[in-house]
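Commentary on secondary and tertiary structure
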Amino acid sequence: MPRKDDDAFRAFAEQVNEDRPQWLVIWGAYSRRFWAFPLFEMRTRIVVSAGYPDALVARLDEAERQFRVWPDGQGVNDGDTDRR
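Each chain carries its own residue numbering, running from 1 in the written order of its sequence. Under the rules for a predicted model, residues below a pLDDT of 70 receive no local features and side-chain atom pairs below 80 are neither given nor counted, while totals for whole chains, interfaces and linings still include all residues. Based on all heavy atoms of the structure, the side-chain values leave hydrogens and waters out of the count.

1. Regarding helix H2 (residues 53-67)
Going by this rule: Where helices and strands are cited, they refer to DSSP runs of H or I of at least four residues and of E of at least two residues respectively, numbered from the N terminus. Helices are assigned an expected span. That span is 1.5 Å times one less than the residue count. For every residue, the accessible area (1.4 Å probe, protein chains only) is compared with the maximum for its type, and the residue is labelled buried under 20%, exposed over 50%, or partly exposed between those bounds. For this quantity, the arc is that covered by the directions from the helix axis to the C-beta atoms. In this description, contact between two residues means that some pair of their heavy atoms is separated by no more than 4.5 Å.
With 15 residues, H2 should cover 21 Å at 1.5 Å per step; its first-to-last C-alpha distance of 21 Å lies within 8% of that length. Of the positions making up H2, those classed as buried are Ala 55, Leu 56, Leu 60, Ala 63, Glu 64 and Phe 67. Seen from one end, H2 has its buried residues packed into an arc of 165°, which puts them on one side. Check the buried side of H2 and you find it contacts helix H1 (6-19), strand E1 (23-28), strand E2 (33-38) and strand E3 (48-50).

Structure representation (structure tokens):
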């Protein structure tokens, strides 16, 4: 049975999808979690999950920093010595 906050969480997922088109974000009404799937190349294929909005955004940022493959000369991991 849907809960009252499901609509708000679905709306948040849609907003993240608009703000970050490189991710597919859904709200799992049964799991009570956000699930985010990268739509870009990553060194390790991952699915990001979080129980509340702020955690989701932080985890998306962290996943991109750690695992995203950037074209030469672009991205936040330029100069990193720890390239996985």
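Next, the rest of the story.
2. Structural notes on the pairing of E1
This is how the line gets drawn: For two strands to be treated as a pair, DSSP must find at least two bridges joining them.
Strand direction decides the pairing type here: E1 and E2, joined by 6 bridges, are antiparallel. Looking at the pairing, Ile 26 lines up with Trp 35 of E2. The turn linking E1 back onto E2 is made up of 4 residues, and Arg 32 within it adopts a positive phi angle of 65°.

3. Quick word on the nonpolar core
Spelled out, the test is: Nonpolar cores are built from buried Ala, Val, Leu, Ile, Met, Phe, Trp, Tyr and Cys residues. Side-chain atoms within 4.5 Å join them into one set.
Trp 23, Val 25, Phe 34, Ala 36, Val 48, Leu 56 and Leu 60 are the most contacted members of the largest nonpolar core, which totals 18 residues. Of all the secondary structure elements, the ones that give two or more residues to this core are H1, E1, E2, E3 and H2. Sort the elements by how many residues they give to this core and H2 lands first, with 5 residues. With near-sequence residues (within four places) excluded, Trp 23 lies in contact with Asn 17, Ala 36, Phe 37, Pro 38, Leu 39, Phe 40, Val 48, Leu 60, Ala 63 and Glu 64.

4. Some words on the packing of aromatic side chains
Worth spelling out the cut-off: Here is the rule: rings of Phe, Tyr and Trp (six-membered ring for Trp) pair when centre to centre is within 6.5 Å. Planes less than 30 degrees apart are stacked, more than 60 are edge-to-face, and the remainder are tilted.
Tallying each qualifying case throughout the model produces 5 aromatic pairs. Geometrically, the ring pair formed by Phe 9 and Trp 27 is tilted, given 4.4 Å between the ring centres and 40° between the ring planes. In this pair, Phe 9 is assigned in helix H1 and Trp 27 in strand E1, connecting sequence segments 18 residues apart. The pair formed by Phe 9 and Trp 27 is uniform in burial state, with each residue classed as buried. Considering the side-chain rings of Phe 12 and Phe 34, the 5.4 Å spacing of their centres and the 65° angle between planes classify their relative orientation as edge-to-face. Of this pair, Phe 12 sits in helix H1 while Phe 34 is found in strand E2, placing the two residues 22 residues apart along the sequence. Assessed through its relative accessible area of 23%, Phe 12 is described here as partly exposed. Classification of Phe 34 by relative accessible area gives buried; the value is 0%. Ring pairing ties together the aromatic residues Phe 9, Phe 12, Trp 27 and Phe 34, which thus form one cluster.

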